Amino acid sequence: YDEANLYFEKALDVAKKAKRESMLALALTQLSRVKTAEQKYSSSLQLANKAQALLDKLGNVNGKQLNLINLANIHFHLQDYSTALQLVDEGIEASKNQKDETSEIDGYELTARIYEQMEDYEKAFAFQKIFTEAKQKFSIIQRNRQVLDLDIKYAIREKQKEIAQLMKENEYQALLLEKQD
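Bear in mind the structure is a predicted one, so any value in this text is a computation, not a measurement.

Chemist: Got a minute to help me understand the pattern of salt bridges in this structure?
Modeler: Side chains that carry opposite charge are capable of pairing whenever their charged atoms lie near each other. Overall, the coordinates contain 6 salt bridges when judged by the stated rule. Here Glu38 and Lys35 are joined by a salt bridge, their closest N and O atoms 3.9 Å apart. Of the residues examined, Lys35 reaches a relative accessible area of 16% and is grouped as buried. One salt bridge connects Asp149 with Lys153, and the closest N-O pair in it is separated by 3.5 Å. Placement of the pair is Asp149 and Lys153 together in helix H7 (residues 121-180), with a separation of 4 residues, close to one helical turn. You can call Lys153 partly exposed: its relative accessible area is 47%.

Chemist: Explanation requested: unusual backbone geometry in the structure shown.
Modeler: For Lys19, which is not a glycine, the phi torsion comes out positive at approximately 55°. Tracing the sequence through the fold places Lys19 in the loop between helix H1 (2-18) and helix H2 (21-37). Among the residues examined, Lys19 registers a relative accessible area of 73% and is labelled exposed.

Chemist: Would you mind showing me how to read the packing of helix H5 (residues 81-98) against helix H6 (residues 101-117) here?
Modeler: Each pair of packed helices gets described by two things: the angle between the helix axes and the distance between those axes. In contact at an axis separation of 9 Å, H5 and H6 are set at 160° when each is read in the N-to-C sense. In terms of orientation, H5 and H6 fall into the roughly antiparallel class. Seen along the crossing, H5 lies across H6 with a hand that is left-handed. Along its contact with H5, which presents Tyr81, Ala84, Leu85, Val88, Ile92, Ser95 and Lys96, the element H6 presents Ser103, Glu104, Gly107, Tyr108, Leu110, Thr111, Ile114, Tyr115 and Gln117. In terms of residue class, the contact of H5 with H6 is made up of 9 nonpolar, 5 polar and 2 charged.

Chemist: Explain the nonpolar core to me, please; I cannot follow it from the model alone.
Modeler: General note: in soluble globular proteins, nonpolar side chains tend to be found buried as a group. In terms of nonpolar packing, the biggest core is built from 22 residues, with Ala72, Phe76, Leu87, Val88, Leu110 and Ile114 touching the most fellow members. Of all the secondary structure elements, the ones that give two or more residues to this core are helix H3 (41-58), helix H4 (64-77), H5, H6 and H7. Beyond its immediate stretch of four places on either side in the chain, Ile114 contacts Phe76, Tyr81, Ala84, Leu85 and Val88. With 11 residues, the next largest nonpolar core counts Ala27, Leu28, Leu54 and Leu55 among its residues.

Rules used in this analysis
- Residues numbered from 1 in each chain as written.
- Predicted model: local features only at pLDDT ≥ 70, side-chain atom pairs only at ≥ 80, totals over all residues.
- Heavy atoms only, no water.
- Salt bridge = Lys/Arg side-chain N within 4 Å of Asp/Glu carboxyl O.
- Buried < 20%, exposed > 50% of the residue type's maximum accessible area, 1.4 Å probe, protein only.
- Helix = DSSP H or I, 4+ residues; strand = E, 2+ residues; numbered from the N terminus.
- Axes fitted to C-alpha atoms, helices over the stretch in contact; angles between N-to-C directions.
- Parallel < 35°, antiparallel > 145°, perpendicular 65-115°, else oblique.
- Left-handed = near helix turned anticlockwise from the far one by under 90°.
- Contact = heavy atoms within 4.5 Å.
- Nonpolar A, V, L, I, M, F, W, Y, C, P; charged D, E, K, R; others polar.
- Core = buried A, V, L, I, M, F, W, Y, C linked by side-chain atoms within 4.5 Å.

Any functional reading would require information beyond the geometric quantities listed.
Here it is in structure tokens:
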């Protein structure tokens with residue numbers, strides 16, 4: 001955590017110096033996430049609230065989904081389940097708007113955990129199912145992207161070989177023409 005804190009503190013300083021509010025909000029969000037992982041919920045909540053104020057001012061920007069889900073996670077750990085549910089719903093919606101499948105999946109998992117702690121096992125099971133299906137779908141998409149990436153790399157390599165062969169043939173033809181002249 002020390003290294004992550006150091007890097008995000010540096011990012012925070014750079015964002016302040018550059019006067020870039022979107023960068024500042026993202027650095028605050030990431031620093032808050034580290035504090036959440038360290039279970040330092042008070043400082044995490046302060047950072048996340050600062051980030052949220054900036055994000056609300058900026059509108060519908062990338063990073064908002066991360067902060068909302070992190071805020072929900074903080075409230076979950078503070079056992080403020082109603083606030084956590086409200087924030088995670090907003091985070092899932094923001095994730096959908098930003099097409100951020102990873103955050104959306106994280107939101108479903110957190111929602112399942114919240115309902116489980118609330119002992120609403122029916123809703124916990126329903127969201128666990130949504131989480132599992134979304135994660136499986138995402139894994140398939142990722143695998144397909146990897147296969148497609150390999151196919152593209154292979155096709156590029158084959159085209160490069162063809163180009164090299166054509167260049168050799170052109171050089172040979174040029175030599176033949178030169179010899180004929």
